[in-house]
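Descriptive structure summary
Below are the chains, spelled out letter by letter.
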Amino acid sequence: MRDMKSPLILLFTRDVKFAQSVREALFETGAMVLMARDVRDGLQIVCQRGRELDSALMDFDDGSRGMTLLSAVHTCYDRLPIVVTTSEDAEHASSLAYANGARTCLTKPLSAADFAKVISQMTVPRHQPVAA
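Our subject in this report is the structure included herewith. Here the structure is a predicted model, which is why all the values come from computation and not from measurement.

1. Details of the overall build of the protein
- Helix and strand counts for the protein stand at five helices and five strands.
- Reading the helices (α) and strands (β) of the protein from amino to carboxyl end gives β-α-β-α-β-α-β-α-β-α.
- Here the protein holds 132 residues, and the buried ones make up 44% of them.
- The long-range fraction of contacts in the protein, counting pairs at least 24 apart against all pairs at least 6 apart in sequence, stands at 69%.

2. Observations concerning the side chain of Ser94
- One can find Ser94 in helix H4 (residues 91–99).
- Beyond its immediate chain neighbours, meaning those up to four positions away, Ser94 contacts Thr86 and Cys105.

3. Section: the sheet that holds strand S4 (residues 82–86)
- The strand order across the open sheet formed by five strands is S2-S1-S3-S4-S5, and the pairing between neighbours is parallel. In this open sheet, the two strands that pair with only one neighbour each are strand S2 (32–36) and strand S5 (104–107). Strand-to-strand twist of the sheet, defined as the mean angle between neighbouring strand axes without regard to direction, takes the value 20 degrees.
- Inspection of the sheet shows strand S1 (residues 8–12) paired to S2 by five bridges, in the parallel sense. Across the sheet, Ile9 pairs through a bridge with Val33, a residue of S2.
- Where helix H3 (residues 67–76) meets the sheet, its contacts fall on S1, strand S3 (55–60) and S4, and the angle it forms with S3 comes to roughly 160 degrees.
- Most of the contacts of helix H5 (residues 112–122) go to S3, to which it runs at about 145 degrees, and overall it touches S1, S3, S4 and S5.

4. Brief notes about helix H2 (residues 39–49)
- By the burial criterion, the buried members of H2 are Gly42, Ile45 and Val46. Angularly, the buried residues of H2 cover 95 degrees about the axis, an arc narrow enough to put them on a single face. Those residues of H2 that are exposed and aimed more than 90 degrees away from the buried face are Arg40, Cys47 and Gln48.
- Summarising the contacts, the buried residues of H2 are in contact with S1, S2 and H3.
- The N-cap residue of H2 is Asp38: its side-chain oxygen and the backbone nitrogen of Arg40 are 3.3 Å apart.

5. Section: the packing of H2 against H3
- One way to put it is that H2 packs onto H3 with a least axis distance of 9 Å and a crossing angle of 10 degrees. The angle between H2 and H3 falls in the class roughly parallel. The residues of H3 that touch H2, namely those facing Val39, Gly42, Leu43 and Val46, are Thr68, Leu69, Ala72 and Val73.
- Of the residues belonging to the contact of H2 with H3, the class tally is six nonpolar, two polar and no charged.

Rules of the game
- In this numbering scheme, every chain counts its residues from 1 along its sequence in written order.
- Owing to the predicted nature of the model, reporting of local features is limited to residues with pLDDT of at least 70; listing and counting of side-chain atom pairs is limited to 80 or more, with chain, interface and lining totals taken over all residues.
- Note: side-chain values were computed over all heavy atoms of the structure, leaving out hydrogens and water.
- Think of it this way: any DSSP run of H or I at least four residues long counts as a helix, any run of E at least two long counts as a strand, and we number them from the N terminus.
- Each residue is assigned to one of three classes by its accessible area relative to the maximum for its type, calculated with a 1.4 Å probe on protein chains only: buried under 20%, partly exposed between the two thresholds, exposed over 50%.
- Throughout, a contact is declared for two residues whenever any of their heavy atoms are within 4.5 Å.
- The rule for pairing is simple: two strands pair if DSSP sees at least two bridges between them.
- Between N-to-C directions, angles cover 0 to 180 degrees, with each direction set by a line fitted to C-alpha atoms, over the stretch in contact for helices.
- The arc in question is the one spanned by the directions pointing from the helix axis to the C-beta atoms.
- Polar contact is the term for a pair of N or O atoms within 3.5 Å; when the atoms are in protein, one must be able to donate a hydrogen and the other to accept it, and sequence-neighboring residues count only if both atoms are side-chain atoms.
- For this classification, under 35 degrees means roughly parallel, over 145 means roughly antiparallel, 65 to 115 means roughly perpendicular, and everything else is oblique.
- Three classes are used, and their members are as follows: Ala, Val, Leu, Ile, Met, Phe, Trp, Tyr, Cys and Pro are nonpolar, Asp, Glu, Lys and Arg are charged, and the others, Gly among them, are polar.

Quick look at the structure:
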């Protein structure tokens with residue numbers, strides 16, 4: 001069981017270096033990252049833990065492979081903040097991502113400032129207990 005103050009983040013990427021960068025950036029926040037390297041893993045995480053997720057980061061660096069996952073997550077959890085990253089030459093992927101529920105789309109390589117801003121937005125838990 002996780003600490004309810006620690007954000008739970010779905011990370012969808014095949015890029016090992018990007019995954020490591022995200023984990024390092026989130027380390028001090030105490031966030032728990034659920035890693036999905038393919039759509040099947042992502043759908044399984046969403047089915048099992050979707051209600052607990054605070055945000056999702058989906059890397060579409062190799063095109064639109066994750067569009068099915070993005071669409072499914074948005075359909076089931078339309079208030080979940082989803083950030084999508086794409087490669088420089090995949091402008092169409094950003095358009096599709098916004099159309100399928102992404103809240104933010106960023107082009108890689110990410111600037112340090114953009115990455116820091118995204119991480120700070122992703123680490124705000126949505127499921128904090130309400131004070132009486």
